[in-house]
Amino acid sequence: MFDAALAPLIDQPMPWFCATLGVCTAFLMGFARSCFGGGGFVVSPLMVLAIGAKDALAVLATLMVVASVNSCWQHRHEVQWALLRPLLAAAIFGTGVGGCILWWMVSSGEEADVHTQLELVVAALTLFYTFLIALRGIIAKGGPTRPPHAWETFTAGSLVGVSQVVANSGSPMLTVFFVRFHIGKERFVAAQSFFLGAQNVVKLVPLVLLGILHLGNLGTAILMLPVLFFGGWTGAKMYHACSEALIFRIYTACLVLGCLTSGILIWGRDAFYGVF
């Protein structure tokens, strides 16, 4: 069992580099989830680079469940149910649609082709979210002064749910949606954390049914839990100590890191390691 848990980390082209990158990514996962209620947008391409697309999808999905529990506990007194109710319904609907898309992807070709497709999807979505966050100021200008309607929140949440299933990312889309409606971090981070927590639990169902999540990579995720918790503790300290402007700068820096990693994935994971 222990050997199976270590396999995704060490059965790689550069074992120690990949294992170190995987552990650092787990820390960043906990930090990002506690600091700004998301994190998949940067940790997803990093983990894919570290351990490959399928194992990364499974390991991150498991870590996100645990990170979400920590984040939800941190923000439990800040939840606004008017924002959260339509998001919970969207978590189920978006996960169902995303599961169908993922099934089509993993059954559409040889194993190497599937990994390449998943790498490109993860990279493309990260680049899209980088672009989205870069334009958040423009998007926010002229936004409605009213709270979002339930159907608007449901639609945004469903799109995020689809993205979360196929790439373990999507929170920037929801963040920009809330920014568009001039909702501050003290209101939307809690709703976003609880939504992502619910969606991450539901997301495990299609991953298990498709054979992507199994005992081996589940063990890998368990090995990374202490690092995840430390990252979450660090992120919580930063959340309470930093201004909203500084948190957005950290958020943007994470997006840039994810963007650079995505460029490597578009070039090709095998091509990158082939250089060394």
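Keep in mind that what you see is a predicted model, and the values were worked out from it rather than measured.

Undergrad: Any chance you could explain the overall build of the chain here in plain terms?
TA: Helix and strand content of the chain: 14 helices and 0 strands. Sequence-ordered secondary structure for the chain, helices as α and strands as β, is α-α-α-α-α-α-α-α-α-α-α-α-α-α. Radius of gyration (C-alpha) of the chain: 18 Å, near the 19 Å computed for a compact globule of 276 residues. If you line up the chain on its principal axes, its C-alpha atoms span 50 × 40 × 35 Å. Buried residues in the chain amount to 56% of all 276 residues.

Undergrad: Just to check I follow, could you spell out the environment of Ala123 for this structure?
TA: By the secondary structure assignment, Ala123 is in helix H6 (residues 111–134). Separated by 69 residues in the primary sequence, Ala123 and Lys54 have C-alpha atoms spaced 14 Å apart. When near neighbours in sequence (up to four residues on either side) are disregarded, Ala123 contacts Ser262, Leu265 and Ile266.

Undergrad: Hey, could you run me through the nonpolar core in this one?
TA: The nonpolar side chains of soluble globular proteins are, as a tendency, buried together. The biggest cluster of nonpolar side chains holds 84 residues, and the ones touching the most others in it are Phe36, Leu63 and Leu102. With near-sequence residues (within four places) excluded, Leu63 lies in contact with Ala26, Met47, Ala221, Met224, Leu225 and Leu228.

Undergrad: Where do I start with the packing of helix H4 (residues 53–74) against helix H11 (residues 215–223) in this structure?
TA: Axis angle and axis distance: for two packed helices, these are the angle between their axes and the distance between the axes, and together they describe the pair. For the pair H4 and H11, interaxial distance at closest approach is 9 Å and the crossing angle is 50 degrees. Between H4 and H11, the interaxial angle falls into the category oblique. H4 and H11 meet at a crossing whose hand is right-handed. Residues Asp55, Ala58, Val59, Thr62 and Leu63 of H4 lie in contact with H11, whose contacting residues are Asn217, Leu218, Thr220 and Ala221. For the contact of H4 with H11, the residue count by class is 5 nonpolar, 3 polar and 1 charged.

Undergrad: Please clarify how a nonpolar patch on the surface should be interpreted in this entry.
TA: A surface patch of nonpolar side chains, about 240 Å² in accessible area, is lined by Phe93, Val97 and Ile101. Here Phe93 shows up in helix H5 (residues 81–106).

Undergrad: Help me understand the environment of Leu204 in this model?
TA: Turning to its location among the elements, Leu204 is positioned in helix H10 (residues 185–209). The partly exposed category is assigned to Leu204, whose relative accessible area is 23%. Counting along the chain gives 139 residues from Leu204 to Val65, while the straight-line C-alpha distance between them is 9.1 Å. Each residue touching Leu204, except ones within four places of it in the same chain, is listed here: Ala61, Thr62, Val65 and Leu213.

Undergrad: Even after reading the chapter, I still don't get the pattern of salt bridges, so can you show me in this structure?
TA: Opposite charge on two side chains lets them pair, provided their charged atoms get close. For the coordinates displayed, the defined rule picks out 2 salt bridges. Close ionic contact of Glu111 with Lys54 constitutes a salt bridge, the shortest N to O distance being 3.3 Å. Placement of Glu111 in helix H6 and of Lys54 in helix H4 is noted, with a sequence separation of 57 residues between them. Owing to a relative accessible area of 43%, Glu111 belongs among the partly exposed residues under this scheme. Between Glu152 and Arg146 there is a salt bridge, and its shortest N-O distance comes to 3.0 Å. Take Arg146: its relative accessible area is 30%, and that puts it in the partly exposed class.

Rules of the game
Residues numbered from 1 in each chain as written. Predicted model: local features only at pLDDT ≥ 70, side-chain atom pairs only at ≥ 80, totals over all residues. Heavy atoms only, no water. Helix = DSSP H or I, 4+ residues; strand = E, 2+ residues; numbered from the N terminus. Rg over C-alpha atoms; globule rule 2.2 N^0.38 Å. Buried < 20%, exposed > 50% of the residue type's maximum accessible area, 1.4 Å probe, protein only. Contact = heavy atoms within 4.5 Å. Core = buried A, V, L, I, M, F, W, Y, C linked by side-chain atoms within 4.5 Å. Axes fitted to C-alpha atoms, helices over the stretch in contact; angles between N-to-C directions. Parallel < 35°, antiparallel > 145°, perpendicular 65-115°, else oblique. Left-handed = near helix turned anticlockwise from the far one by under 90°. Nonpolar A, V, L, I, M, F, W, Y, C, P; charged D, E, K, R; others polar. Patch = residues over 30% accessible without salt bridge, like charges linked within 9 Å, V, L, I, M, F, W, Y side chains within 5 Å. Areas by Shrake-Rupley, 256 points an atom, 1.4 Å probe, with all protein chains shown as cover. Salt bridge = Lys/Arg side-chain N within 4 Å of Asp/Glu carboxyl O.

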